[in-house]
There are 2 protein chains.
Amino acid sequence: MKVAIIGIGLIGGSFAKDIRKLYPEATLWGIDANEDHLQRALELGLIDAEAAYKDLTDATMVLVAVPVDVLVQELPKILDAVGEETVVFDAGSTKAMICATIENHPKRRNFLACHPIAGTEFSGPDAAMAQLYKGKTNIICEVEKTAFKLQEKALQLFQEMGMRIRYMNADAHDKHIAYVSHLSHISSFMLGKTVIEKEKNERDIFDMAGSGFESTVRLAKSSPAMWTPIFKQNKANVVETLQEYIQNLEQFKQMLLEDDFKGVYEEMNNTNKIKQILNGIPMNGNVD
Amino acid sequence: MKVAIIGIGLIGGSFAKDIRKLYPEATLWGIDANEDHLQRALELGLIDAEAAYKDLTDATMVLVAVPVDVLVQELPKILDAVGEETVVFDAGSTKAMICATIENHPKRRNFLACHPIAGTEFSGPDAAMAQLYKGKTNIICEVEKTAFKLQEKALQLFQEMGMRIRYMNADAHDKHIAYVSHLSHISSFMLGKTVIEKEKNERDIFDMAGSGFESTVRLAKSSPAMWTPIFKQNKANVVETLQEYIQNLEQFKQMLLEDDFKGVYEEMNNTNKIKQILNGIPMNGNVD
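Residues numbered from 1 in each chain as written. Chains lettered and ligands numbered in written order. Predicted model: local features only at pLDDT ≥ 70, side-chain atom pairs only at ≥ 80, totals over all residues. Heavy atoms only, no water.

Pulling in residues and values, what's your account of the sheet that holds strand β2 (residues 27-31) of chain B?
Residue and element names in this part refer to chain B. With mixed pairing, the 8 strands of this open sheet are ordered in space as β3-β2-β1-β4-β5-β6-β7-β8. Each edge of the sheet is formed by a strand with only one pairing partner; in this case those strands are β3 (49-50) and β8 (164-168). Taken together, the 2 bridges between strand β5 (residues 87-90) and strand β6 (residues 111-116) define a ladder with parallel strand orientation. Its bridge partner being in β6, V88 is matched across the sheet by F111. Each of β1 (2-6), β2, β4 (61-64), β5 and β6 is contacted by helix α1 (residues 10-22), which is oriented at about 165 degrees to β1, the strand it contacts most. (Pairing = 2+ DSSP bridges. Helix = DSSP H or I, 4+ residues; strand = E, 2+ residues; numbered from the N terminus. Contact = heavy atoms within 4.5 Å. Axes fitted to C-alpha atoms, helices over the stretch in contact; angles between N-to-C directions.)

Printed below as a string of structure tokens:
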């Protein structure tokens, strides 16, 4: 079994770790535009050897775990290069543009459009984590466009990694994920920015910030290189979520200005029901 | 040693646990307007007996861990009731109004204005945690207005509990805490509200939400009874933080609309420096 990981960062590297464990006999190839990441991945034993697109014709599986703008650019070439029996899957946080890009590719049936809902705020091969995907949901779009036998190959891996599968339409995925992931990242970044701008004395932030602050700003450690293309591709949906979020913040501010504390109380009370929903979300081992 | 805990929830209950451990011979009294909480606290062994204000004259220490509107209302009566040598301290998330309220109280010198930066999103006596305060910062305001010997008594306890102390002016505390705590809570609540309103099908939230979403919305599980009075007392500062935050979100939205992705990248890149600051913040044991 030969598996190629294109993009050996947090996402690709974590897949590599699990594949290594589940299929000890497999050969793991790595392709990465970042030479440092490639060397580090070899050092860490995440991959066995460097490869090139010309080698992909012999690959059993190919994971493309790169920023979504690179994905859109490279996926056609990757599909050109793979063999008849190779299954190619991605992990991109957007799905519509990626699917549209290779809609008519002669090897469309070799591609499975995936979005595993898993990650941390860290990046690069050193961030790779075993079992990052365990108990997590993998959203698969346009499954009917992937050859059945190749679907099965990929699903076998996902099942062994402990992922649960959810099938979804690509446009619907992008619409929902804007609310349930993309907006959270923007809220964190802007919260971080607001505090940094105001709290010129960092000592004050350090002294006064507790775990509540940390959890709302944690995502502000995320990679701009990963998130800029995501917001670009999902722009319309992301702008819509921002509009709604800003409106809700404005209304809350207005209630404070008008001393409507009964309203303030009710808003928070109504939102408390998020508890039930959140209680079902799987975490990364011990760490949030 | 007799310690009275007024308000035996997460905050008061957690103090009780540590005091129990550090001073096994101490008697712990509880006072709580919520009869269920009082009974539960007795059941859990957080306190030894119920007490009333008339008993406070014999107390060595009194912790008032109630919502800040109740605090403002009750603190004068509590100070009326305590003995000459009793040290009374609070844990309120706002400090200016509380300090102003008892500014001229005959027993002002018995009171130490505190804000320990510690907590979880849970409430009530069942939420009480041992060592919640370990390694956390306790902000003390107007320390010079507390009798020296009584300061020492309280500081001794805080030191044994593993807290570090930071002295601050009450108005400055309220100004800074608005940015570093209060705004985070509002952002979480409004994020939760935005998602609940849009994602009518809760299955979708559950399927698509990962730990990133969870961490930004976690604080939306917080108690409205605790937070409404905080926002009310710190209204001017909180409104200011909301204004800045909303402005930053608007600007980000504008950059997306104008396809200024270079700007988007830079904003996120600049905010990445929050990493260094966040790395210093102590967490609650293993759980964020």
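An account of the packing of aromatic side chains is needed here, citing residue identities and associated values.
Residues and elements named next belong to chain B. Following the criterion strictly, the structure yields 11 aromatic pairs over all chains and no others. With centroids separated by 5.1 Å and ring planes inclined at 90 degrees, the aromatic side chains of F89 and F158 adopt a geometry described as edge-to-face. Placement of the pair is F89 in strand β5 and F158 in helix α5 (residues 148-160), with a sequence separation of 69 residues. The same class applies to F89 as to F158, namely buried. (Phe/Tyr/Trp six-rings, centres within 6.5 Å; stacked < 30°, edge-to-face > 60°. Buried < 20%, exposed > 50% of the residue type's maximum accessible area, 1.4 Å probe, protein only.)

Give a description of the pairing of strand β1 (residues 2-6) of chain A that names residues and reports values.
Residue and element names in this part refer to chain A. By the criterion of burial, β1 is predominantly enclosed, with 4 of the 5 residues buried. Direction of pairing for β1 relative to strand β2 (residues 27-31): parallel, over a ladder of 5 bridges. Bridge pairing links A4 to W29 in β2. Each parallel crossover has a hand, and for β1 linked through helix α1 (residues 10-22) to β2 it is right-handed. Pairing geometry for β1 and strand β4 (residues 61-64), over 4 bridges, is parallel. The residue bridging V3 from the neighbouring strand is M61, located in β4. (Right-handed = clockwise from strand over helix to strand, strands pointing away.)

Got a sec to walk through the interface of chain B and chain A? Specific residues and values, please.
Across the boundary between the two partners, chain B contributes 93 residues, which contact 93 residues of chain A. When the two sides are added together, the surface that chain B and chain A hide from each other amounts to roughly 9,500 Å², 68% of it contributed by carbon and sulfur. Considering only the side of chain B, the residues that lose the most area to chain A are V180, M208 and M268 of chain B, jointly responsible for 8% of the buried surface there. Ionic pairing is found between K198 of chain A and E244 of chain B, a salt bridge with its closest N-O pair at 3.7 Å. Scanning the region where chain B abuts chain A turns up 26 residue pairs in polar contact (both at pLDDT 80 or more). The biggest single contributor to the side of chain B that touches chain A is helix α6 (residues 170-198) of chain B, with 20 residues. (Buried area = accessible area lost by both parts, 1.4 Å probe. Salt bridge = Lys/Arg side-chain N within 4 Å of Asp/Glu carboxyl O. Polar contact = N/O pair within 3.5 Å; in protein donor to acceptor, adjacent residues only side chain to side chain.)

I'd like a description of the sheet that holds strand β7 (residues 137-141) of chain A, backed by residues and values.
The strand order across the open sheet formed by 8 strands is β3-β2-β1-β4-β5-β6-β7-β8 (chain A), and the pairing between neighbours is mixed. The outermost strands of the open sheet, each flanked by one partner alone, are β3 (49-50) and β8 (164-168) of chain A.

Worth remembering: the numbers are spatial, not functional.
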